[in-house]
Amino acid sequence: MVHSVQISEDSRSVSTGVTLQVNICYPRPKLDSKKLAILLHPWSWLGGNMHEPTLEVLTRLLQDKNYYVIRYNSRGVGKSSGWPSLTGKAEGEDLKALVQEFLSEIPEIDSLTVIGYSHGSLIASLHPVLNPKVKTSHILLSYPISPRGLLTMFHTGIYSLALRDILCNPDARLLLIYGDKDEFTSKSKYEEWVDTLRRTDGLKAKLNVIPVMDASHFWQSDGARTALQQAIDSWIS
């Protein structure tokens, strides 16, 4: 049963100077939820937006788990103002600003899960682990490791350092999920990358990696989406 009884879609001005089109699902007040999840969509230059079907699936799962769920169009997408950057750095600052605004509105939140899909996983990785009072988890879905340079105007070092910061933080929780039939990153490339992450000097975070058999980058099949939901359900439960 879905616990959300209120869905709000409006525009929010954030401290970075842009106005973002935001969709927020609120849990039932009597359930006293303290959990927030924020979902980031694929690359806007290829049509990515907050209504992407895979994010819709994950939103329903998180509603069932009594989360506040935020999806939003990044700068320059839909009714969001501004213009998409070529490096993703501006989008990372927008994410941080939106999270801080929501936490200031609902200070009792003690759990934050940042979920990024495809290009959105790059932006999600730029969000830091918050203070111990707000347990922070990152879920990176179909992280585009092979085309990362092209997607960020070759500012790959920013994202490597962001992942390292997460991996070296003892309060961090990081879940990586990818399909072994991803069209943009091969299974062997993912395995090589994951091995590098596991060998990070100073690794202290809780790191879990779930490859999903026969899943593509787009998670279109019923089997792939079921496996995806099960993986995330297990992680957040």
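Above this note sits the structure.
Residues numbered from 1 in each chain as written. Predicted model: local features only at pLDDT ≥ 70, side-chain atom pairs only at ≥ 80, totals over all residues. Heavy atoms only, no water.

**What about the overall build of the protein?**
Thought 1: On a plain count of helices and strands, the protein comes out with 7 helices and 8 strands.
Thought 2: For the protein, the C-alpha radius of gyration of 17 Å lies close to 18 Å, the compact-globule estimate for 237 residues.
Thought 3: Projected onto its principal axes, the C-alpha positions of the protein cover 45 × 35 × 35 Å.
Thought 4: Taking all 237 residues of the protein together, the buried fraction comes to 55%.
Thought 5: Across the protein, the fraction of contacts at a sequence separation of at least 24, relative to all contacts at a separation of at least 6, is 71%. (Helix = DSSP H or I, 4+ residues; strand = E, 2+ residues; numbered from the N terminus. Rg over C-alpha atoms; globule rule 2.2 N^0.38 Å. Buried < 20%, exposed > 50% of the residue type's maximum accessible area, 1.4 Å probe, protein only. Contact = heavy atoms within 4.5 Å.)

**Considerations on the side chain of Ser-121**
Thought 1: Note that Ser-121 resides in helix 3 (residues 119–125).
Thought 2: Judged by its relative accessible area of 0%, Ser-121 falls in the buried class.
Thought 3: In terms of polar contacts, Ser-121 uses its side chain to reach the backbone carbonyl oxygen of Ser-118, at 2.6 Å.
Thought 4: Other than its neighbours up to four places away in sequence, Ser-121 contacts Gly-116, Leu-140, Leu-141, Ser-142, Tyr-143 and Pro-144. (Polar contact = N/O pair within 3.5 Å; in protein donor to acceptor, adjacent residues only side chain to side chain.)

**Let's talk about the side chain of Thr-54**
Thought 1: Within the secondary structure, Thr-54 is located in helix 1 (residues 53–64).
Thought 2: Excluding residues that lie within four positions of it along the chain, Thr-54 makes contacts with Tyr-117, Leu-141, Phe-218, Trp-219, Arg-225 and Leu-228.

**A look at unusual backbone geometry**
Note: most residues except glycine have negative phi, and most peptide bonds are trans.
Thought 1: At Asn-66, a position not held by glycine, the phi torsion is positive, near 70 degrees.
Thought 2: Note on placement: Asn-66 falls in the loop between helix 1 and strand 4 (68–72).
Thought 3: Accessibility expressed as a relative area gives 13% for Asn-66, which makes it buried.
Thought 4: Backbone geometry at Asp-214 places phi at a positive 65 degrees, although glycine is not the residue there.
Thought 5: Judged by relative accessible area, which is 53%, Asp-214 ranks as exposed.

**Focus on the pattern of salt bridges**
Thought 1: Within the structure shown, the criterion is met by 9 salt bridges.
Thought 2: Note that Arg-12 and Glu-101 form a salt bridge whose closest N and O atoms lie 3.1 Å from each other. Taken together, the positions of Arg-12 in strand 1 (residues 4–13) and Glu-101 in helix 2 (residues 89–105) put the pair 89 residues apart, joining distant regions of the chain.
Thought 3: Here Arg-12 falls in the buried class, since its relative accessible area comes to 11%.
Thought 4: In this structure, Lys-181 and Asp-214 form a salt bridge, with 3.3 Å as the shortest nitrogen-oxygen distance. Taken together, the positions of Lys-181 in the loop between strand 7 (173–179) and helix 6 (187–198) and Asp-214 in the loop between strand 8 (206–212) and helix 7 (222–236) put the pair 33 residues apart, joining distant regions of the chain.
Thought 5: Overall, the relative accessible area of 47% leaves Lys-181 in the partly exposed class.
Thought 6: Linked by salt bridges that have partners in common, Arg-12, Glu-101 and Glu-105 make up one network. (Salt bridge = Lys/Arg side-chain N within 4 Å of Asp/Glu carboxyl O.)

**Brief notes about the environment of Ser-85**
Thought 1: Relative to the helices and strands, Ser-85 resides in the loop between strand 4 and helix 2.
Thought 2: Ser-85 sits in the buried class, given a relative accessible area of 17%.
Thought 3: C-alpha separation for the pair Ser-85 and Ser-234, spaced 149 residues apart in sequence, amounts to 34 Å.
Thought 4: Excluding residues that lie within four positions of it along the chain, Ser-85 makes contacts with Trp-45, Arg-75, Ala-90 and Glu-91.

**Considerations on the packing of aromatic side chains**
Working definition: an aromatic ring pair is given by the centre-to-centre distance plus the angle between the planes.
Thought 1: As enumerated under the stated definition, the model contains 7 aromatic pairs in all.
Thought 2: With a centroid separation of 6.0 Å and 85 degrees between ring planes, the pair formed by Tyr-26 and Tyr-68 is classed as edge-to-face. One end of the pair, Tyr-26, is in strand 2 (residues 19–27); the other, Tyr-68, is in strand 4, with 42 residues separating them in the sequence.
Thought 3: Owing to a relative accessible area of 12%, Tyr-68 belongs among the buried residues under this scheme.
Thought 4: Taking the centre distance of 4.7 Å and the plane angle of 15 degrees together, the rings of Tyr-143 and Trp-193 count as stacked. With Tyr-143 in the loop between strand 6 (135–141) and helix 4 (148–151) and Trp-193 in helix 6, the pair connects residues that are 50 residues apart, well separated along the chain. (Phe/Tyr/Trp six-rings, centres within 6.5 Å; stacked < 30°, edge-to-face > 60°.)

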